[in-house]
Amino acid sequence: ELGVATAATGFFRALGGAVGAAVLGAVFASRADVVGGVQAVFLVAAPLAALALLVVLRLPELPLQTANRNS
């Protein structure tokens, strides 16, 4: 189970990175100059990062098991 959870975490992290890079790259490319593109990327990414922080802070904290219950 731990291996499956680790693999799923890695998969979704890679998928999120690819989608995030594509979206922010499209925002960057929609501007004519580099400075405007960077500013637009920050204006889009900052609220998304704040929203992600709020979601993470609301996740319940679950302690890891310290002993095997089946033994």
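See the structure above.
Asks: Let's hear about the packing of aromatic side chains: which residues, and what values?
Replies: Here the structure, examined in full by the defined rule, presents 1 aromatic pair. For the pair Phe 11 and Phe 12, a centre-to-centre distance of 5.1 Å together with 70° between the ring planes defines the contact as edge-to-face. Of the residues examined, Phe 11 reaches a relative accessible area of 49% and is grouped as partly exposed.

Asks: Quick rundown of the packing of helix 1 (residues 2-29) against helix 2 (residues 34-58)? Include the residues and the values.
Replies: Their axes nearest at 8 Å, the elements helix 1 and helix 2 cross at an angle of 140°. By the criterion of interaxial angle, the relationship of helix 1 to helix 2 is oblique. Like other packed secondary-structure pairs, helix 1 and helix 2 cross with a definite hand, here right-handed. On helix 2, the residues touching Leu 24, Val 27 and Phe 28 of helix 1 are Val 34, Gly 37, Val 38, Ala 40, Val 41, Val 44 and Ala 45. Residue composition of the contact of helix 1 with helix 2, by class: 9 nonpolar, 1 polar and no charged.

Definitions and limits used
- Residues numbered from 1 in each chain as written.
- Predicted model: local features only at pLDDT ≥ 70, side-chain atom pairs only at ≥ 80, totals over all residues.
- Heavy atoms only, no water.
- Phe/Tyr/Trp six-rings, centres within 6.5 Å; stacked < 30°, edge-to-face > 60°.
- Buried < 20%, exposed > 50% of the residue type's maximum accessible area, 1.4 Å probe, protein only.
- Axes fitted to C-alpha atoms, helices over the stretch in contact; angles between N-to-C directions.
- Helix = DSSP H or I, 4+ residues; strand = E, 2+ residues; numbered from the N terminus.
- Parallel < 35°, antiparallel > 145°, perpendicular 65-115°, else oblique.
- Left-handed = near helix turned anticlockwise from the far one by under 90°.
- Contact = heavy atoms within 4.5 Å.
- Nonpolar A, V, L, I, M, F, W, Y, C, P; charged D, E, K, R; others polar.

Taken by themselves, the reported measurements are silent on function.
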